[in-house]
Amino acid sequence: MDDRLILASASPRRRDLMAEAGYAFDVEPADVAEDLPAESDDPAGEAARLAEAKARAVARRHATDRGRWVVGADTLVVLGRRIIGKPRHARDAEAVLRTLSGTEHAVITGLALVQCGSGRSLVRHAATGIRMRPVADDEIRRYVAAGGSHGKAGAYAVQEGADRYIEHIDGSFTNVVGLPMELLAEMLDQVGWKGAPKR
């Protein structure tokens, strides 16, 4: 049986995190629409739903690869009841950052494991609290113009320059990057995955 995982994501940040941790894996984006409500009383459930949909979409393509596990993830930013996904364009990114400036908000990643062939699954989520300092309009414009917001939930990435705007992180740093590695390891152990990171 092939112990290589399948990462159902096009995110270079998730790919890098898994590679740095020593996992053997293939990358196969799920191509699932990331439809999210503007507000929700259960944002973790929304993230988990999308993560599972991505993992199942890829697992269905590999029905004959029985036993392999697909990793699906979806990250969003939550401010109160408001769900903030990826900005649509530069103006949207600037508006999002102005909204988050000076706030305490959460980064939530839904994480799903789906086994090819059997459809067996495990779905959980990780939440990290963020306190962002007030960010001036000219800083926001420069950050967005430099491309830091593109494809990022909440329009920022702590690993790509936005760390200077963050005053405090409460929880998993890798969750804020896009893949909670501590939770992934725990879930793989829980489903009895027989592979191991290669160091």
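Residues numbered from 1 in each chain as written. Predicted model: local features only at pLDDT ≥ 70, side-chain atom pairs only at ≥ 80, totals over all residues. Heavy atoms only, no water.

A. Main features of the packing of aromatic side chains. One pass over the full model with this rule turns up two aromatic pairs. Aromatic side chains tyrosine 23 and tryptophan 193 sit 5.8 Å apart centroid to centroid with 45° between the ring planes, which places their arrangement in the tilted category. Here the residue tyrosine 23 occupies a position in the loop between α1 (12-20) and β2 (25-27), and tryptophan 193 occupies one in the segment after α6 (181-190), the gap between them amounting to 170 residues. The class for tyrosine 23 is buried, based on a relative accessible area of 10%. Note on tyrosine 143 and tyrosine 165: the rings are 5.7 Å apart at their centroids and 80° apart in plane angle, and the pair reads as edge-to-face. Taken as a pair, tyrosine 143 in helix α4 (residues 137-145) and tyrosine 165 in the loop between α4 and β7 (166-170) lie far apart in primary sequence, 22 residues in all. Note on accessibility: tyrosine 143 and tyrosine 165 belong to one class, buried. (Phe/Tyr/Trp six-rings, centres within 6.5 Å; stacked < 30°, edge-to-face > 60°. Helix = DSSP H or I, 4+ residues; strand = E, 2+ residues; numbered from the N terminus. Buried < 20%, exposed > 50% of the residue type's maximum accessible area, 1.4 Å probe, protein only.)

B. Looking closely at the side chain of threonine 128. Here threonine 128 is to be found in strand β6 (residues 121-132). By relative accessible area, which is 1% here, threonine 128 ends up buried. Within polar-contact distance, the side chain of threonine 128 engages the side chain of asparagine 175 at 2.9 Å. Setting aside residues up to four positions removed in sequence, threonine 128 forms contacts with His105, Ala106, Val107, Ile169, Asp170, Gly171, Ser172, Asn175 and Val176. (Polar contact = N/O pair within 3.5 Å; in protein donor to acceptor, adjacent residues only side chain to side chain. Contact = heavy atoms within 4.5 Å.)

C. Focus on the pattern of salt bridges. For the structure on display, the rule yields 19 salt bridges. We note a salt bridge from arginine 81 to glutamate 39, for which the minimum N-O separation is 2.6 Å. With arginine 81 in the loop between β3 (69-79) and β4 (82-84) and glutamate 39 in the loop between β2 and α2 (43-61), this residue pair connects regions lying 42 residues apart in the sequence. The class for glutamate 39 is partly exposed, based on a relative accessible area of 47%. A salt bridge links arginine 49 to glutamate 46; the shortest N-O distance between them is 2.9 Å. Pair noted here: arginine 49 and glutamate 46 are both in helix α2, with a separation of three residues, about one helical turn. (Salt bridge = Lys/Arg side-chain N within 4 Å of Asp/Glu carboxyl O.)

D. Representation of the environment of glycine 102 in the model. Here glycine 102 lies in the loop between α3 (90-100) and β5 (104-115). We classify glycine 102 as partly exposed; its relative accessible area is 45%. Taking the C-alpha atoms as reference points, glycine 102 and glycine 161, 59 residues apart in sequence, are found 17 Å from one another. Excluding anything up to four places from it in sequence, glycine 102 contacts Met132, Arg133 and Pro134.

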